[in-house]
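What follows is the residue order along each chain.
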Amino acid sequence: MAHTVEKIGGTSMSQLDVLRDTLFIADRKDNSLYGRIFVVSAFAGITNLLLEHKKTGEAGVYALFANADSDHGWHEALDRVAVAMTKAHDAVLDHDADRERASAFVQERIEGARNCLIDLQRLCSYGHFRLAEHMLQIRELLSGLGEAHSALVTTLMLQRHGINARLVDLSGWRDDGEVTLEQRIGNAMEGIDPTVEMPIVTGYAQCAEGLMREFDRGYSEVTFSCLAALTHAREAIIHKEFHLSSADPKLVGADAVRKLGRTNYDVADQLSNMGMEAIHPKAAKTLRQAEVPLRVTNAFDPGDPGTLIDDQPAENPGVEIITGLDIIALELFEQDMVGVKGYDATILDVLTRHDVRIVSKVSNANTITHYLDTSLKAMRRVEKDLAARYPQATITSRKLALASVIGRDLSGLSVLTRGLQAIANKGLESIGASQGPRNVDTQFILERDDLKPVIKALHDEFITNAAQTLRKAA
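Given the structure is predicted, the values throughout are model-derived calculations rather than measurements.

According to the stated counting rule, one finds 29 salt bridges in the structure shown. Arg-114 is the salt-bridge partner of Asp-79, the closest N and O atoms lying 2.6 Å from each other. Taken together, the residues Asp-79 in helix 5 (residues 72–92) and Arg-114 in helix 6 (residues 96–123) connect sequence positions 35 residues apart. A residue is classified by how much of its surface remains accessible, and Asp-79, at 36% relative accessible area, is partly exposed. Connected through salt bridges with shared partners, the residues Glu-52, Arg-139, Asp-216 and Arg-217 form a single ionic network.

Laid out in structure tokens, this is it:
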């Protein structure tokens, strides 16, 4: 089929009325409107209210219910979700009938979820039932509310403007039985013809696998990639509120960054490792295996083709993007480590148990250092466990940062040497640096305060100066 599967993130969804004119309709007419399947996220902030704030950790309905000393906290949080949902759809729908229908939908789903949680609390007041055993299902139930709401609102808005839009609700609301993700998508898409209608699909899909068990809040991209693969899409497209560029324009200047334009899934994986996801790694793997190329575009710049991501190598070596993140360095020093196996496996077991994400690591004869994307609170628990396992070891944690130079092919560019020199030329210092034989990324370990100026220095060296050299040669 010659259709595309396209995903819209939560931040962009909050400007749905703008997207109607720039993305859904634009200059398209009649049949040219179709051939596109859209997967939508919840409106910005809604999932934070339903679960917990992604950045600050502030409790939402789920977190309050999980730690409830009384009913008041989570009930009030659920009321706040209803208010926020109503405010979100009132801002983008311009017809009273559509607003009323959306508000009725919110009330039905919110009250349905409330009754479910009340019944579960009552059930678990009996000794044979444990609330902890149901918390993952509760998390999924609550998450699905956000996407079901945004998908309905999108469908109503498009239908009001003459588009044959069709709501495809994968959230499993009041469904009987248990199905796999592929079955859920296959059953929902049966009988739908994207050439004459526009499916609006929920980013959350209820399934036997339990998407949140493995992907937590990355589930919408997994749904998106599976849908693209199962329907043999010509292309999978993610619409963001910015272009995928050579660096953060806030750090290096809007005039200095350049749009990537073309890269591959190797680079996408490296970006994910740096917390700058173009797409979830599992979703990228699904698209890669199905031979579906991915395009990342700016939702508000519809005339620009964005950046194409496929599995093709670079024609020539080159740096494509400079990025970085704050990390914590966990160092375990043990004099007796030399020649003894098992230290690394034990550390990995502890980090896995505390759900701590590893960004990179280095080791020598008696020291293993992991660079981690986590909080100091989590690190204290990790240190305690490791100290119990290795009471003679010296275990330390240190707040640092990591800057990464990424490209499909960095061979022959002397990135490690030039990068260290560029950092030194700015009067800064790299605490550590590494480059693997695959030549897709080079990492520099830094003091946290140095991260922003180092990213700019590296961007000047590998992007700005390289572009100037090419212009001179031309």
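Let us look at the layout of surface pockets. Rolled over the atoms, a probe as big as a water molecule pinpoints where empty space is left. Counted as a void, the second largest pocket has a volume near 680 Å³. Every residue lining the second largest pocket is counted, 27 residues in all, and those nearest its centre are Gln-137, Leu-141, Gly-172, Tyr-204 and Gln-206. Residue assignment for the lining of the second largest pocket shows that the elements contributing at least two residues are helix 6 and helix 7 (135–160). A total of seven residues in the lining of the second largest pocket trace back to one element, the largest contributor, which is helix 7. Among the residues forming the lining of the second largest pocket, the class breakdown is eleven nonpolar, nine polar and seven charged.

This part covers helix 8 (residues 181–189). For an α-helix the count is 3.6 residues per turn, leaving residues at separations of three or four pointing the same way. When helix 8 is considered as a whole, its buried residues turn out to be Leu-181, Arg-184, Ile-185 and Met-189. Seen along its axis, helix 8 keeps its buried residues to an arc of 115°; they face one direction. Following helix 8 by one or two positions, Gly-191 has its phi on the positive side, about 85°.

With that settled, the discussion passes to unusual backbone geometry. Located in the positive-phi region is Asp-30, a residue other than glycine, with phi close to 50°. Even without glycine at this site, Arg-174 takes up a positive phi of about 60°. When you line up the elements, Arg-174 lands in the loop between strand 3 (165–168) and helix 8. Assessed through its relative accessible area of 66%, Arg-174 is described here as exposed.

When a strand is regular, its side chains alternate between the sheet's two faces. Counting buried positions along strand 1 (residues 4–8) gives five out of five residues, so the element sits mostly inside the fold. Side chains Thr-4, Glu-6 and Ile-8 of strand 1 all project onto a buried face; the interleaved residues Val-5 and Lys-7 project onto the opposite face, where all are buried too. Where strand 1 and strand 2 (residues 36–40) come together, five bridges link them in parallel fashion. By the bridge assignment for strand 2, Lys-7 is matched with Val-39.

Quick look at helix 14 (residues 343–353) now. Of all the residues in helix 14, the buried ones are Tyr-343, Thr-346, Ile-347, Val-350 and Leu-351. Across the axial projection of helix 14, the buried residues extend over an arc of 135°, all falling on one side. On its buried side, helix 14 packs onto strand 9 (321–333), strand 10 (357–363), strand 11 (367–373) and helix 15 (376–389). Where helix 14 terminates, the next one or two residues include Asp-355, which has phi positive at roughly 55°.

A word on the sheet that holds strand 11. Taken in spatial order, the six strands make up an open sheet running 10-11-9-12-14-13, and their pairing is antiparallel. Single-partner strands in this sheet number two, and they are strand 10 and strand 13 (432–435). Neighbour-to-neighbour, the strand axes of the sheet open up by a mean angle of 30°, direction not taken into account. Sheet topology note: the strand 10/strand 11 ladder contains six bridges and is antiparallel. Counted as the bridge partner of Val-362 is Thr-369 from strand 11. Across the sheet, helix 15 is in contact with strand 9, strand 11 and strand 12 (394–406); its angle to strand 12 comes to roughly 130°.

What follows deals with the packing of helix 6 against helix 7. At a closest axis distance of 10 Å, the pairing of helix 6 and helix 7 adopts a crossing angle of 170°. Here helix 6 is positioned roughly antiparallel relative to helix 7, judged by the angle of their axes. Mapping the contact onto sequence places Ala-97, Asp-98, Arg-101, Ala-102, Phe-105, Val-106, Arg-109, Ile-110, Ala-113, Cys-116, Leu-117 and Leu-120 in helix 6 and Ile-138, Leu-141, Leu-145, Ala-148, His-149, Leu-152, Val-153, Leu-156 and Arg-160 in helix 7. Residue composition of the contact of helix 6 with helix 7, by class: 16 nonpolar, one polar and four charged.

Parameters at a glance
Residues numbered from 1 in each chain as written. Predicted model: local features only at pLDDT ≥ 70, side-chain atom pairs only at ≥ 80, totals over all residues. Heavy atoms only, no water. Salt bridge = Lys/Arg side-chain N within 4 Å of Asp/Glu carboxyl O. Helix = DSSP H or I, 4+ residues; strand = E, 2+ residues; numbered from the N terminus. Buried < 20%, exposed > 50% of the residue type's maximum accessible area, 1.4 Å probe, protein only. 1 Å grid on protein atoms, 1.4 Å probe; cavity = no way out; pocket = protein on both sides within 12 Å on 5 of 7 lines; lining within 4 Å. Points joined across faces, edges and corners; volume = space filled by probe spheres on them. Nonpolar A, V, L, I, M, F, W, Y, C, P; charged D, E, K, R; others polar. Arc of directions from axis to C-beta. Pairing = 2+ DSSP bridges. Contact = heavy atoms within 4.5 Å. Axes fitted to C-alpha atoms, helices over the stretch in contact; angles between N-to-C directions. Parallel < 35°, antiparallel > 145°, perpendicular 65-115°, else oblique.

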